[in-house]
Amino acid sequence: AFTPRVFSGIQPSGDLHLGNYLGAIKRFVPLQQSHHCLYCVVDMHAITVWQEPDDLRRATREVAAAFVAAGVDPKKHIVYNQSRVHQHAELAWVFNCVARMGWMSRMTQWKDKTAGKNAEAESLGLFAYPSLMAADILLYKATHVPVGEDQKQHLELTRDIAQKFNNDFAPSIKVQSLDADYFPITEPVITGPATRVMSLRDGQKKMSKSDPSDQSRILMLDDADAISKKIKRATTDPEPLPSEEAGLKARPEADNLVGIYAALADATKTEVLRQYGGQGWGVFKPALADLAVAKLTPVADEMRRLIADPASIDAFMADGAERASEIAERTMSEVRRIVGF
Ligand code: ADP
Ligand code: NA
């Protein structure tokens, strides 16, 4: 039996947005009560597309600050950046040799990112990204991974890699007197009303760093005025809110705003609709804007306070990397023996 352990990562590849916050970071916090948690700034994932070195360093601290400002405790749990624990890269190489080319080729994120583009222009790292992600998780034998909906397929691949490693090396695992289920089959934790936050301008697209319209996303560091304006200008249909969740089915923009409200209020969509069903956007949007400002600006203020003292961020991250390395080396020394190194 595996000790319940949580791992999740965020790339320091641009400004953090509401999708990152509601789909991932905010959900990291309550898991600290029941699990030992590692929350990682995945800088090695970020460089699968070009990052200016100074921007990468700044964004790495910013993501770590966001974790802590949101309520992650870097003393009880582990906050660090991936590149400081070299075993991530080492295990990823082993997994590159366990995973199959065909598995990677079928990843929809890879297909979407390269659709209509010349694969000559993409890094090999971008293709192999899910193998590094499997290494991030399995290095710590993590049992639970809180992520947004878009990561579901990558987590299935992590399970496939764990399974194939356990099978391929079964005799060697036995010789080493290790548990036959050497790597756990990790559970994705994709729960709550905001696992796929959509663009505020287009209900068909997810909120993302790469959307050219800065009105499409709320940033974690936006001020009250920017948050309110973006919500009030969000695209909607003209109908009032339905009184039940089924009424949101064919209304992606309405569904998105109700989901955001619910996630910010720690409520369900049903509860939100019980309160606002039958109301128009003239009532709901200002209420959502007030709620978003009340919930997000204290986190942003705390982030800014932390960012102003980079040495304190570097200190808790160095401590986190040291504690992560201990667990990582325990796994890696077993894996080296299993593989025959
Ligand atoms: P991004 O997708 O913004 O480049 P990452 O790949 O680093 O960011 O993802 C960090 C976490 O944020 C992941 O758990 C991902 O599923 C989650 N996430 C990203 N975008 C959204 C979104 N629009 N809605 C919900 N969760 C999201
Ligand atoms: Na993502």
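Counting restarts for each chain, with residues numbered from 1 along the sequence as it is written. As they are written, the chains are lettered A onward and the ligands numbered 1 onward, keeping that order. Where totals are concerned, whole chains, interfaces and linings use all residues; where local detail is concerned, this predicted model gives features only for residues with pLDDT of at least 70, and gives and counts side-chain atom pairs only at 80 or more.

Below, the discussion takes up the site of ligand 1. We call a residue near a molecule or strand when the C-beta position, derived from backbone atoms, sits within 6 Å of it. The immediate surroundings of ligand 1 are formed by 18 residues, with Gln11, Gly19, Gly23, Val147 and Gly148 found nearest. The element best represented in the shell around ligand 1 is helix H1 (residues 18-31), accounting for four residues. For the shell around ligand 1, the residue count by class is five nonpolar, nine polar and four charged. Helix numbers and strand numbers start at the N terminus; a helix is a DSSP run of H or I with at least 4 residues, a strand a run of E with at least 2. Here the term charged refers only to Asp, Glu, Lys and Arg, the term nonpolar to Ala, Val, Leu, Ile, Met, Phe, Trp, Tyr, Cys and Pro, and the term polar to all other amino acids, Gly among them.

As a further point, take the domain arrangement of the protein chain. We note that the domain assignment places domain 1 (5-195 + 310-339) and domain 2 (224-304) within the protein chain. These domain limits were set by an automatic method or by a database of domain assignments. Computed from C-alpha coordinates alone, the two centres of domain 1 and domain 2 are separated by 31 Å. Contact criterion: two residues are in contact if their C-beta atoms, reconstructed from the backbone, are within 7 Å. Between domain 1 and domain 2, the contact holds nine residues from the first and nine residues from the second. Per element, the largest residue contribution to the side of domain 1 that touches domain 2 is four residues, and it comes from helix H3 (residues 53-70). Class assignment of the residues belonging to the side of domain 1 that touches domain 2 gives a composition of eight nonpolar, one polar and no charged.

Another aspect to go through is the nonpolar core. In this structure, Leu38, Ala66, Phe67, Leu91, Met220 and Ile260 are the most contacted members of the largest nonpolar core, which totals 93 residues. No other element matches the eight residues that helix H11 (residues 252-265) contributes to this core. Shared between two domains, this core holds at least three residues of each, these being domain 1 (5-195 + 310-339) and domain 2 (224-304). Contact partners of Phe67, with chain neighbours within four places excluded, come to Ile25, Phe28, Tyr39, Val72 and Val79. What makes a nonpolar core is a set of buried Ala, Val, Leu, Ile, Met, Phe, Trp, Tyr and Cys residues, with links drawn between C-beta atoms within 7 Å. The exposure scheme places C-beta atoms from the backbone and then counts, for each residue, the other C-beta atoms within 10 Å of its own, assigning buried at 20 or more, exposed at 12 or fewer, and partly exposed in between.

As a further point, take the UniProt feature "short sequence motif: 'HIGH' region" (unreviewed entry) in the protein chain. UniProt positions are given in the numbering used here, feature names are shortened, and annotations may be inferred rather than shown by experiment. When the UniProt feature table is mapped onto this chain numbering, "short sequence motif: 'HIGH' region" (unreviewed entry) sits at residues 12-20. Measuring from the first to the last C-alpha atom of residues 12-20 gives 11 Å, for a span that is 33% helix and 0% strand.

Here the UniProt feature "binding site: L-tryptophan" (unreviewed entry) sits at Asp136. Position of Asp136 among the secondary structure elements: in helix H7 (residues 124-138). Taking the C-beta count within 10 Å as the criterion, Asp136 has 25 such neighbours and is therefore assigned buried. Those residues within four positions of Asp136 in sequence are excluded, and the remaining contacts are Phe7, Gly9, Cys40, Val42, Gln82 and His88.

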